[in-house]
Amino acid sequence: MNVHELLRLLQTEHDDTAARADHLREQIERLTTALAETEARLAELAATRKVIDGLTPPDHATAPAETATATVYQRIVTTFNEHPGKVFRVHDLHEHLGLPTDEPSINVTRSRLGRLVRQGLLEQTGRGRYQKRT
């Protein structure tokens, strides 16, 4: 194999890799847009549920799984309301609330905190740090 063939093969590999990178960037952009739209829809649904719950008589029975999720959100919001100036890391928040500190549970709470940030209840003061919006 001579130098010209080697350079041609190298250029071909470069072009293929650049095309793959462009394709992956496009996928990331599409997924980022879809994620933002889905999270916005989740926020709308949560707000709608809150309005409907406010209109529903107190004797309305809620499904246990829905109650558990609402309770965790309420406990998180209550914690931040009780400590308005305190900055919490997710792991510290879990310990404070007595929640499991395994990675899947921590990730669920990160997602919940992200929704609360987007809803304007909390602010993210740094990577993995949250506090009540003032």
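Residues numbered from 1 in each chain as written. Predicted model: local features only at pLDDT ≥ 70, side-chain atom pairs only at ≥ 80, totals over all residues. Heavy atoms only, no water.

Draft legend 1. Molecular detail of a nonpolar patch on the surface. On the surface, a nonpolar cluster with roughly 340 Å² of combined accessible area is contributed by Met1, Leu6 and Leu9. Considering the arrangement of structural elements, one finds Leu6 in helix α1 (residues 3-55). (Patch = residues over 30% accessible without salt bridge, like charges linked within 9 Å, V, L, I, M, F, W, Y side chains within 5 Å. Areas by Shrake-Rupley, 256 points an atom, 1.4 Å probe, with all protein chains shown as cover. Salt bridge = Lys/Arg side-chain N within 4 Å of Asp/Glu carboxyl O. Helix = DSSP H or I, 4+ residues; strand = E, 2+ residues; numbered from the N terminus.)

Draft legend 2. Spotlight on the nonpolar core. With 13 residues, the main nonpolar core has Ile76, Phe80, Leu93 and Leu113 as its most contacted residues. Elements with a contribution of two residues or more to this core: α2 (64-82), α3 (90-97) and α4 (103-118). Not counting the four nearest positions on each side in its chain, Ile76 is found in contact with Leu93, Leu97, Thr109, Arg112, Leu113 and Leu116. (Core = buried A, V, L, I, M, F, W, Y, C linked by side-chain atoms within 4.5 Å. Buried < 20%, exposed > 50% of the residue type's maximum accessible area, 1.4 Å probe, protein only. Contact = heavy atoms within 4.5 Å.)

Draft legend 3. Examining the sheet that holds strand β3 (residues 129-132) more closely. Strand order in this open sheet of three strands is β1-β3-β2, and the pairing throughout is antiparallel. Both edges of this open sheet fall to β1 (88-89) and β2 (122-126), since each of them pairs with a single strand only. Two elements, β2 and β3, share four bridges in a ladder whose sense is antiparallel. Counterpart to Gly126 in the pairing with β3 is Arg129. (Pairing = 2+ DSSP bridges.)

Draft legend 4. Summary view of the packing of aromatic side chains. Counted according to the given criterion, the structure contains one aromatic pair. Between the aromatic rings of Phe80 and Phe88, the centroid separation amounts to 5.2 Å while the plane-to-plane angle is 75°, which identifies the pairing as edge-to-face. Since its relative accessible area comes to 2%, Phe88 is described here as buried. Between the NZ or CZ atom of Arg112 and the centre of the ring of Tyr73, over which it lies, the distance is 5.5 Å. (Phe/Tyr/Trp six-rings, centres within 6.5 Å; stacked < 30°, edge-to-face > 60°. Lys NZ or Arg CZ within 6 Å of the ring centre and 35° of its normal.)

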